[in-house]
Amino acid sequence: MVLKGLMTSDAAADRVVPPSGYTARLTMFSAATMAFLAVFALALSLSAGRVAQEWGEALARSSTLRISAAPEELSAQTAAALRVLETTPGVEEARPLSAEEQQALLEPWFGPDLPVDTLPMPQLIDIVETPEGYDSDGLRLRLSAEVPGAVLDDHTRWRRPLVAAASRLRLLGWVSIGLIAAATGAMITLAANAALAANAKVITVLRLVGATDAYIAGAFVRRFTLRTLGGAALGTALAIGAILVLPDAGEAGGFLAGIGFQGWHWILPLVVPPLAALVALYATQAAAQRVLKELT
Amino acid sequence: MIELENVAYSYGGGELLTDISLGLAPATFHFLTGPSGAGKSTLLKLCYGALRPTGGHVRLFDRDVTQMDRDAVAISRRRIGVVHQDCQFLDHLSVAENIALPLAVSGQDSADERANLRELLGWVGLTGRADALPPELSGGERQRAALARAVIMSPDVILADEPTGNVDWEMSQRLLQLLVELNRMGKTILIATHDLSLIRAAKQQVQARVLRISKRRLQLAGTDL
Ligand SMILES: Nc1ncnc2c1ncn2[C@@H]1O[C@H](COP(=O)(O)OP(=O)(O)OP(=O)(O)O)[C@@H](O)[C@H]1O
Ligand SMILES: [Mg+2]
């Protein structure tokens, strides 16, 4: 009902309140800024959520078995470990890393010229779990009996705080969006109050010629809602543009590389302008009702 | 249509009006006189619900104003045309838009009404000033515009506060003519004025009752006018 009144823009009703370019520009600027911030908070929130989920899944489903032994025992122990892993429920795949792969892992630290074959290197076995996962305590127990040089690194020790941090970041993002919405409401309320006070005479005259509260409030509500919608649309467009041209941080960027929207999430920032307009509508409506009551 | 019963009013100090009873029946014509500051404008404001009586009852179209909310009072004003002493225009709207304001706020902005507006502008001699802004008008032009706005909704009652205060004799006769004609069409007219010659001129055309505020009370003025 309110929205319908908004759409059937009444040119005469919009003219009864004198235009004020200054307030209009300030309202639009604030709405644009808030929308810009909201879109970034949204991107941050969604990215943090995505990262939390990806890290959670990827880390949870892969673990590493490290076998340290004298070079002559290494292959026997590796074979024993693989036998154990093959019969462990919850292990989908167990694969010993080749010498090249191990060298690639070490390269960032020691450079490409490391003579891996001449060093006493542990053998690494990459374990991929089934979605159900395996019982890591049980596996450790069996390994310690059959493969004395094996150490199971199941990442859980450092996975949890990372995922927790990403989840917290996501929560903070949503809290920010809530605060931005509240601040937008407060700002529109201030602007609407100022406009209503500045137009006390207009309101008096409108009352004298038979205008109802709804008509008078509508003239202000329409104006502030449309201004906010326009400003928020601008801010949203700028924020989306800024996200689109974010330099690609690449694989090494980790979390940074993930900031932005993916797939259907691109629809979410488009909800920001109408949501801002809705906040403005209710804020102005409330302000108008209060002022009209005082101006009896 | 508008009834005042033992109405008293005070702006906070002593009582300005005491024990006022007045009924404005359909198609009647009234004048309200009294010295400056006697409370003529105040009485008119009571008659259109802009002020609430501090004593007694005011009824607009059979409803007690003290029991009407803001919207109800506003809506009842669509049936009461008021020429305010200080005109009450919106300075950022043109004269034509100001005159059409009652139509706009009541959602009656049709083509029919537009034609009506043009005719009305001609009537009050403001056709050439339709697009001017109110501050650009002379005192007399403002009052003519105010009268046009008061009658545009073809209200049942017209309350005019000094409608001829700033116009010359000829124009005041034209305005009176318009009000007399409206009265013949069945409208109720109440004019607050100091201008005794206006009252005399009106009495030659219609049966008018002359009321006078004196010592806070309303009296029927003598026939010596
Ligand atoms: N809003 C107000 N607050 C306080 N006092 C007021 C207010 N309006 C009018 N008065 C006082 O009430 C008295 C009557 O005012 P009112 O305007 O009704 O007189 P009036 O008969 O219309 O006078 P005039 O012929 O000069 O127009 C005056 O003394 C005026 O000062
Ligand atoms: Mg007066």
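Residues numbered from 1 in each chain as written. Chains lettered and ligands numbered in written order. Predicted model: local features only at pLDDT ≥ 70, side-chain atom pairs only at ≥ 80, totals over all residues. Heavy atoms only, no water.

Peer 1: Sorry, what's going on with the overall build of chain B here?
Peer 2: Scanning chain B from N- to C-terminus turns up eight helices and 10 strands. Expected size for 225 residues packed as a compact globule is a radius of gyration near 17 Å; at 17 Å, chain B falls within 12% of this value. Reported as C-alpha extents along the three principal axes, the dimensions of chain B are approximately 45 × 40 × 30 Å. Taking all 225 residues of chain B together, 56% fall into the buried category. A separation threshold of at least 6 residues defines the contact pool for chain B, and within that pool the share at least 24 residues apart is 70%. Counting 25 positive and 26 negative side-chain charges, chain B places the averaged centre of each group 4 Å from the other. (Helix = DSSP H or I, 4+ residues; strand = E, 2+ residues; numbered from the N terminus. Rg over C-alpha atoms; globule rule 2.2 N^0.38 Å. Buried < 20%, exposed > 50% of the residue type's maximum accessible area, 1.4 Å probe, protein only. Contact = heavy atoms within 4.5 Å. Lys, Arg positive; Asp, Glu negative; His and termini not counted. Charge placed at Lys NZ, Arg CZ, Asp CG, Glu CD.)

Peer 1: So what exactly am I meant to see when it comes to the sheet that holds strand β4 (residues 150-153) of chain A here?
Peer 2: Hydrogen bonds between backbone atoms are what pair the strands of a sheet, whose relative direction is either parallel or antiparallel. Residues and elements named next belong to chain A. Overall, antiparallel pairing links the four strands, which are arranged β2-β3-β1-β4 in an open sheet. The open sheet is flanked by β2 (91-96) and β4, the only strands paired with a single partner. Averaged over all neighbouring strand pairs, the angle between strand axes comes to 20°, with direction disregarded. Two strands pair when backbone bridges link them, and strand β1 (residues 62-67) and strand β3 (residues 123-129) are joined in this way by six bridges, in the antiparallel orientation. Within β3, the residue paired with S63 across the bridge is I127. Contacts between helix α4 (residues 71-86) and the sheet are confined to β1, β2, β3 and β4, with β3 contributing the most and set at about 10° to the helix. (Pairing = 2+ DSSP bridges. Axes fitted to C-alpha atoms, helices over the stretch in contact; angles between N-to-C directions.)

Peer 1: Would you take a moment to explain the pattern of salt bridges for this structure?
Peer 2: Close approach of charged atoms allows side chains of opposite charge to pair. Under the criterion given, the structure shown has 10 salt bridges over all chains. E97 of chain B is paired through a salt bridge with R15 of chain A; the nearest N and O atoms lie 2.7 Å apart. Of this pair, E97 of chain B sits in helix α3 (residues 95-99) while R15 of chain A sits in helix α2 (residues 11-15), on two different chains. Residue classification places R15 of chain A among the partly exposed residues on the basis of a relative accessible area of 39%. (Salt bridge = Lys/Arg side-chain N within 4 Å of Asp/Glu carboxyl O.)

Peer 1: Mind showing me how you'd approach the UniProt feature "transmembrane region" (unreviewed entry) in chain A here?
Peer 2: All names here are of chain A. Under the present numbering, the feature "transmembrane region" (unreviewed entry) in UniProt falls on residues 26-46, 171-196, 202-221, 228-246 and 266-284. Helix makes up 80% of residues 202-221 and strand 0%, and the two end C-alpha atoms of the span are 15 Å apart. Structurally, residues 266-284 is divided into 95% helix and 0% strand, and its ends, taken at the C-alpha atoms, are 29 Å apart. (UniProt positions renumbered as here; feature names shortened; annotations may be inferred.)

Peer 1: Looking at this structure, I do not really get the nonpolar core. What am I missing?
Peer 2: The nonpolar side chains of soluble globular proteins are, as a tendency, buried together. Residues and elements named next belong to chain B. Of all hydrophobic cores here, the largest spans 45 residues; its most connected members are F29, F31 and I99. Among the elements that take part in this core, helix α7 (residues 169-184) stands out by supplying seven residues, more than any other. Leaving out residues up to four positions away in the same chain, F31 has contacts with L190, I191, T193, L198, I199, A202, A208, R209, V210 and L211. With 33 residues, the next largest nonpolar core counts L17, V73, I80 and I213 among its residues. (Core = buried A, V, L, I, M, F, W, Y, C linked by side-chain atoms within 4.5 Å.)

Peer 1: Help me understand the interface of chain A and chain B, please; the structure alone is not making it clear to me.
Peer 2: Frequently, the measure chosen for interface size is the accessible area that the parts lose on association. Each partner contributes residues to the interface: chain A has 21 residues there, and chain B has 20 residues. Of the roughly 1,900 Å² buried between chain A and chain B, counting both surfaces, carbon and sulfur atoms make up 59%. Summed over the three residues of chain A that lose the most area to chain B, namely R15, L208 and V209 of chain A, the buried surface amounts to 33% of that side. Joining chain A to chain B, the criterion identifies two salt bridges. Remark: the boundary between chain A and chain B carries eight residue pairs in polar contact (both at pLDDT 80 or more). Only α2, α8 (200-208), α9 (213-244) and α10 (267-294) of chain A provide two or more residues apiece to the side of chain A that touches chain B. Counting residues per element, the side of chain A that touches chain B draws most heavily on α8 of chain A, which supplies six residues. (Buried area = accessible area lost by both parts, 1.4 Å probe. Polar contact = N/O pair within 3.5 Å; in protein donor to acceptor, adjacent residues only side chain to side chain.)

Peer 1: Looking at this structure, I do not really get the pairing of β3 of chain A. What am I missing?
Peer 2: Sheet faces and side chains relate simply in a regular strand, where the side chains alternate between the two faces. All names here are of chain A. Across the seven residues that make up β3, a large majority, five, are buried. Strand direction decides the pairing type here: β2 and β3, joined by five bridges, are antiparallel. Looking at β3, one finds that A94 is bridged to I127.

Peer 1: Whenever I open this one, the sheet that holds strand β9 (residues 208-214) of chain B confuses me. Can you help?
Peer 2: Residues and elements named next belong to chain B. The six strands lie next to each other as β6-β7-β8-β3-β9-β10, forming an open sheet whose pairing is mixed. Looking at strand neighbours, the two that pair on one side only are β6 (80-83) and β10 (217-220), the edges of this open sheet. Strand-to-strand twist in this sheet, taken as the mean axis angle between neighbours without regard to direction, amounts to 20°. Pairing of strand β7 (residues 157-161) with strand β8 (residues 188-192), which is carried by five bridges, proceeds in the parallel orientation. By the bridge assignment for β8, V157 is matched with T188. Sitting on the sheet, helix α1 (residues 40-47) is in contact with β3 (29-33), β6, β7, β8, β9 and β10, with an inclination near 155° to β7.

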